[in-house]
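A structural walkthrough
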Amino acid sequence: MPPLQPGFLMQYQVVSRNAKLPEALREYAKTRVSSIENYGQEFEKIEIILDLEHGKTLCEIILHPFRGDSFVAHDRAHDSRVAVDSAVGKLERQFLKFKD
């Protein structure tokens, strides 16, 4: 595998399953997930899956590292941004536990 070059951009895939979600929410999710880069790991691909179900927003985030197992977190909440924030928080805890 070739070494990563400075400024390497992760590939984001934001999917909404059953609902048309605002572009602002998609951008918010990308911005929040990109904070995980601050922990010193680069990922090959990040999948963000958003869905509306029974009046709640479901958020699932999957981080695919270049090597090793993927990190997965999901949460649901009435407020879309809260669901995203909570899922990102779970990922951060998983990732920090993995690094230790």
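The sections below set out a description of the structure shown in this document. (Residues numbered from 1 in each chain as written. Predicted model: local features only at pLDDT ≥ 70, side-chain atom pairs only at ≥ 80, totals over all residues. Heavy atoms only, no water.)

1. What about the overall build of the protein?
Summing up its helical and strand segments, the protein has two helices and four strands in all. Secondary structure elements of the protein, listed N to C terminal, follow the sequence β-α-β-β-β-α. Split into buried and exposed, the 100 residues of the protein put 38% on the buried side. In the protein, the share of contacts with a sequence separation of at least 24, taken over all contacts with a separation of at least 6, comes to 47%. As displayed, the protein offers around 6300 Å² of accessible surface, 50% of which is attributable to carbon and sulfur atoms. (Helix = DSSP H or I, 4+ residues; strand = E, 2+ residues; numbered from the N terminus. Buried < 20%, exposed > 50% of the residue type's maximum accessible area, 1.4 Å probe, protein only. Contact = heavy atoms within 4.5 Å. Areas by Shrake-Rupley, 256 points an atom, 1.4 Å probe, with all protein chains shown as cover.)

2. A look at the sheet that holds strand β1 (residues 11-16)
What links the strands of a sheet is backbone hydrogen bonding, and the strands pair in either a parallel or an antiparallel sense. Pairing in this open sheet of four strands is mixed, and the strands run β1-β2-β3-β4 from one edge to the other. Lying at the two open borders of the sheet, with one neighbouring strand each, are β1 and β4 (71-77). If you compare each strand with its neighbour and ignore which way they point, the axes differ by 10 degrees on average. Where β1 meets strand β2 (residues 43-53), six bridges bridge the pair, whose relative direction is parallel. Paired with Q13 across the strands is E47, a residue of β2. Of the strands in this sheet, β1, β2 and β3 (56-65) touch helix α1 (residues 23-34), which is tilted by about 140 degrees from β1. (Pairing = 2+ DSSP bridges. Axes fitted to C-alpha atoms, helices over the stretch in contact; angles between N-to-C directions.)

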